[in-house]
Structures are given as structure tokens and as C-alpha cells.
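Take a look at the letters that make up each chain.
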Amino acid sequence: MANETVITVVGNLVDDPELRFTASGVAVAKFRIASTPRVYDRQTSEWKDGDALFLTCSVWRQAAENVAESLTRGMRVIVQGRLKQRSYEDSQGVKRTVYELDVDEVGPTLARATAKVTKNPAGGGQRTASTNVEGDPWAGAKPANSQQQGGGWGGGQQQPAAQGAGYSDEPPF
């Protein structure tokens, strides 16, 4: 939308995402992240933590369910969304202002971790790999492998499966 402040924040989850459902059945997950800058102190020649930024984040629908299933406290994540400011009066009558993030995209950072991604089908339901989707030429396709006759390596010769079927761990340089 126009004139919204979109930001990207990298930080750690402070607690596990909390999944809830609205009265109409729409999923929403809330979680908090802490983003702490690292500052180099030249006097001590050490890295030190700066002041942490804590943001409450909310994500909706299928993404909310994915977040609740995939992310846990302590994970380093990258979150992109629309920054919102909300003012309210607390129980003692003090006016407060909070900043929250309506999340559009979220995922684990891969700088110091690995992740396995499983794509959800477009309809939201589960589908097995053997299901052939009408109009999708790749849905039923089988990968070419070295065990098929006449294909692959050297005009019909079979490549041993132990050698990775054409893939190598060696760097390309």
C-alpha cells in the first residue's frame, strides 16, 4: 500500500510464535524478535552489544501456520513487513506508544544455519509427490538417472550410482 513504512529486520526470536485463530477461522501468529547491533569498541578492541530493538510481529493466514510450525525461540530470522505505531493508555492511565510489524515475509537466516524448505501446495492442502496435477507437465516427470537405458553417460553406458549420478562435491575451480 502507498505511504506505508516497509522495513527489514534481522534478529532472534525472543519466544516461540503463538498461533491463534480469529472467530472466522483465520490464522494469526504473534512473535517477538530482538535485533541487537554489534559495535566495535576501539578502546578495548572488542565487539560489544548495542541497545536491542524489540518488535512484536504478527503474520496472517497460511504464513502464520508455517511460522508456528517452523520457527522456535532463539532462531535467527529475517522479517520484512509494514511498521505500525499504536498508542494506548495503560491501566495506570499512562499514555504509551508501541511499534509493531505486520509481517509480509519471514524466514530463518542462513548465515550460520541450514534449513530444509518444503513448499506448500497452492490450495493449502497436502499433496504427495506422485500426484499428477492436470496441466502441469512437470508434476509426473521422473528425474533422469543413470539407471535408464540409452540415456545419460557416454551413449548408453551406465554411470555408477555411488559417484553421485553426475554431481560432484569438488569445487568448480
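Criteria and cut-off values
- Residues numbered from 1 in each chain as written.
- Predicted model: local features only at pLDDT ≥ 70, side-chain atom pairs only at ≥ 80, totals over all residues.
- Heavy atoms only, no water.
- UniProt positions renumbered as here; feature names shortened; annotations may be inferred.
- Core = buried A, V, L, I, M, F, W, Y, C linked by side-chain atoms within 4.5 Å.
- Buried < 20%, exposed > 50% of the residue type's maximum accessible area, 1.4 Å probe, protein only.
- Helix = DSSP H or I, 4+ residues; strand = E, 2+ residues; numbered from the N terminus.
- Contact = heavy atoms within 4.5 Å.
- Salt bridge = Lys/Arg side-chain N within 4 Å of Asp/Glu carboxyl O.
- pLDDT = per-residue confidence, 0-100.
- Pairing = 2+ DSSP bridges.
- Polar contact = N/O pair within 3.5 Å; in protein donor to acceptor, adjacent residues only side chain to side chain.

An unreviewed UniProt entry annotates the protein as Single-stranded DNA-binding protein of Streptomyces galilaeus. Among the UniProt annotations of the protein, the heading Subunit (unreviewed entry) holds the following wording: "Homotetramer."

## Here's the deal with the nonpolar core
Counting residues in hydrophobic clusters, the biggest one holds 16 residues, and the most contacted among them are Phe31, Ile33, Cys57, Val59 and Val79. Looking at this core, the elements with two or more residues in it are strand S1 (5–13), strand S3 (27–35), strand S6 (53–60), helix H1 (61–70), strand S7 (76–89) and strand S8 (95–108). Top element by residues in this core is S3. It accounts for 4 residues. When neighbours within four sequence positions are excluded, Phe31 is seen to be in contact with Leu13, Asp15, Pro17, Leu55, Thr56, Cys57, Val59, Val67, Val79, Val103 and Val106.

## With respect to the pattern of salt bridges
Where charged atoms from two side chains of opposite charge approach closely, those side chains can pair. Scanning the model with the defined rule gives 8 salt bridges in all. Where Arg38 meets Asp49, a salt bridge forms, and the shortest distance between an N and an O atom there is 2.7 Å. A residue pair is termed long-range when its members are at least 10 positions apart, and Arg38 in strand S4 (residues 38–41) and Asp49 in strand S5 (residues 46–49) qualify at 11 residues. A residue is classified by how much of its surface remains accessible, and Asp49, at 53% relative accessible area, is exposed.

## Regarding the confidence of the model for the protein
Interpretation of this model should avoid reading the predicted coordinates in detail wherever pLDDT is low. Chain-level pLDDT for the protein is 78 on average; 69% of the residues reach the 70-or-more range. Here residues 125–133 is a poorly scored stretch, pLDDT under 50, and it has 9 contacts once near neighbours within four places are set aside; other chains count. Every residue in residues 146–165 scores below 50 in pLDDT, and together they form 15 contacts with partners more than four places removed in sequence or on other chains.

## Some points on the pairing of S6
Across 8 bridges, the pairing between S3 and S6 is antiparallel. Paired with Val28 across the two strands is Trp60, which belongs to S6.

## Considerations on the side chain of Asp90
Here Asp90 lies in the loop between S7 and S8. Taking relative accessible area as the criterion, Asp90 reaches 16% and is therefore assigned buried. Among the polar contacts listed, one links the side chain of Asp90 to the backbone nitrogen of Val94, at a separation of 2.8 Å.

## Notes on unusual backbone geometry
Across the chain, the bulk of peptide bonds are trans and the bulk of non-glycine residues have phi less than zero. Of note in this structure, Ser45 is not a glycine but carries a positive phi near 55 degrees. One non-glycine residue, Arg61, adopts positive backbone phi at about 60 degrees. When you line up the elements, Arg61 lands in helix H1. Accessibility expressed as a relative area gives 55% for Arg61, which makes it exposed.

## Notes on the side chain of Ser58
Among the secondary structure elements, Ser58 is positioned in strand S6. Beyond its immediate stretch of four places on either side in the chain, Ser58 contacts Val28, Ala29, Lys30, Leu101, Asp102 and Val103.

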